[in-house]
Amino acid sequence: MEPVTPYNNSDSKKEQVAQMFDNIAFRYDFLNSLLSLGIHKGWRKKCIKLIAAKKPKHILDVATGTADFAIGAMKLNPESVIGIDISEGMLKHGREKLVKLGLDKKITLQYGDAETCDLPSNSVDAITVGFGVRNFEHLEKGLGNMLRILKPGGQLCVLEFSSPRKFPVKQFYKFHFKYITPTLGKMFSKDTRAYTYLPESIKAFPDNERFTAILEKVGYKNASFSSVGLGLASIYLAEK
């Protein structure tokens, strides 16, 4: 089965995803809040609360985008937070946000992805990924490298969209992503494919039990998931 990609051209999925986010970076935060009615912020806060118990001091945020998860992680009073992303456009806007918030000395944003990140083995207490794993070019390779970077006992927390299964959320979801999301995406970002790729990538992603099974296969322990937003997204937790 061919992987779902933003532009369906000969470039690698990683290159296409980077181009897509570069194209929409200037509108990403605005459209995120508009399309989700701001609900995604509450989901991230829940993730931060779930990893708070282990008091992580060194945190890696993969697919950090404009650094929302990394910023949220500051509530845990960590010693270091590193955010990586393959889109220089997103990182640029993230760095501008950090300067405005006075966090540019506490959070480091750098180019990178889950598969090739060369942070030392056993070096971070927690890894977060917000709406990014479905964009990995090689899912198991990315998850495996993150497992390497985690300290023993460290925690992975993934927030990702899922496909709702229950009426009427399932029907609303289909209508929203078929008509509303592409229309607003085209109107504000000028990149039609970015917001038609979104539902396609969600549909192709092995969510819920299938994803926890992949986590266990890669080597994570105690993998679990909980649905949020009436099934619109799921929070996955796993340990090393």
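Just above, that's the structure.
Presented here is an overview of the structure given in this document. Note that this is a predicted model, so its numbers are computed, not measured.

## Some words on the overall build of the chain
Okay, step 1: When you go through the chain residue by residue, the secondary structure sums to 9 helices and 7 strands.
Okay, step 2: Expected size for 240 residues packed as a compact globule is a radius of gyration near 18 Å; at 17 Å, the chain falls within 12% of this value.
Okay, step 3: Looking at the chain as a whole, 53% of its 240 residues are labelled buried.
Okay, step 4: Carbon and sulfur atoms make up 57% of the accessible area of the chain, which totals about 11,600 Å².
Okay, step 5: Charge-centre separation for the chain: the mean point of 35 positive side chains lies 7 Å from the mean point of 25 negative side chains.

## Topic: unusual backbone geometry
Okay, step 1: Cis rather than trans, the peptide bond between Phe 167 and Pro 168 has omega equal to 0°.
Okay, step 2: Tracing the chain through its elements places Pro 168 in the loop between β5 (150-161) and α7 (169-189).
Okay, step 3: For Ala 63, which is not glycine, the phi dihedral falls at a positive 55°.
Okay, step 4: Following the sequence through the fold, Ala 63 ends up in the loop between β1 (58-62) and α4 (68-72).
Okay, step 5: Taking the relative accessible area as the measure of exposure, Ala 63 reaches 27% and is therefore partly exposed.

## Some words on the nonpolar core
Okay, step 1: If you look at the biggest cluster of nonpolar residues, it comprises 31 residues, and the most contacted ones within it are Trp 43, Leu 98, Ile 107 and Leu 159.
Okay, step 2: For this core, the elements supplying multiple residues, two or more each, are α3 (39-52), α4, α5 (88-101), β3 (107-111), β5, α7, α8 (192-204) and β7 (233-239).
Okay, step 3: The dominant element in this core, judged by the number of residues it contributes, is α3, at 4 residues.
Okay, step 4: Excluding anything up to four places from it in sequence, Leu 159 contacts Trp 43, Arg 44, Cys 47, Phe 69, Val 129, Gly 130, Phe 131, Ala 233, Ser 234 and Ile 235.
Okay, step 5: Ranked by size, the runner-up nonpolar core spans 28 residues in total, among them Cys 117, Val 124, Leu 139 and Ala 223.

## A few points about the environment of Ala 53
Okay, step 1: Structurally, Ala 53 is set in the loop between α3 and β1.
Okay, step 2: In this structure Ala 53 comes out as exposed when scored by relative accessible area, which is 69%.
Okay, step 3: Along the primary structure Ala 53 and Ser 12 are separated by 41 residues, whereas in three dimensions their C-alpha atoms are 39 Å apart.

## Regarding a positive patch on the surface
Okay, step 1: A cluster of basic residues, Lys 41, Lys 45, Lys 49 and Lys 75, forms a positive patch on the protein surface.
Okay, step 2: Counting through the fold element by element, Lys 41 comes out in helix α3.
Okay, step 3: For Lys 41, a relative accessible area of 48% gives the class partly exposed.

## A few points about the packing of aromatic side chains
Okay, step 1: Within this structure, the stated rule accounts for 7 aromatic pairs.
Okay, step 2: Between Phe 175 and Tyr 179, the ring centres sit 5.2 Å apart and the planes meet at 45°, which makes this aromatic pair tilted. Of this pair, Phe 175 and Tyr 179 both sit in helix α7, separated by 4 residues, roughly a single helical turn.
Okay, step 3: Judged by its relative accessible area of 44%, Tyr 179 falls in the partly exposed class.
Okay, step 4: Residues Phe 225 and Tyr 236 carry aromatic rings whose centres are separated by 6.2 Å and whose planes lie at 40° to one another, so their mutual orientation is tilted. Taken together, the residues Phe 225 in strand β6 (residues 221-228) and Tyr 236 in strand β7 connect sequence positions 11 residues apart.
Okay, step 5: For Tyr 236, a relative accessible area of 0% corresponds to the buried category.
Okay, step 6: Counting every residue linked through ring pairs, the aromatic cluster contains Phe 205, Phe 211, Phe 225 and Tyr 236.
Okay, step 7: The ring centre of Phe 69 lies 5.9 Å from the NZ or CZ of Arg 44, which sits over that ring.

Basis of the calculations
Residues numbered from 1 in each chain as written. Predicted model: local features only at pLDDT ≥ 70, side-chain atom pairs only at ≥ 80, totals over all residues. Heavy atoms only, no water. Helix = DSSP H or I, 4+ residues; strand = E, 2+ residues; numbered from the N terminus. Rg over C-alpha atoms; globule rule 2.2 N^0.38 Å. Buried < 20%, exposed > 50% of the residue type's maximum accessible area, 1.4 Å probe, protein only. Areas by Shrake-Rupley, 256 points an atom, 1.4 Å probe, with all protein chains shown as cover. Lys, Arg positive; Asp, Glu negative; His and termini not counted. Charge placed at Lys NZ, Arg CZ, Asp CG, Glu CD. Core = buried A, V, L, I, M, F, W, Y, C linked by side-chain atoms within 4.5 Å. Contact = heavy atoms within 4.5 Å. Patch = residues over 30% accessible without salt bridge, like charges linked within 9 Å, V, L, I, M, F, W, Y side chains within 5 Å. Salt bridge = Lys/Arg side-chain N within 4 Å of Asp/Glu carboxyl O. Phe/Tyr/Trp six-rings, centres within 6.5 Å; stacked < 30°, edge-to-face > 60°. Lys NZ or Arg CZ within 6 Å of the ring centre and 35° of its normal.

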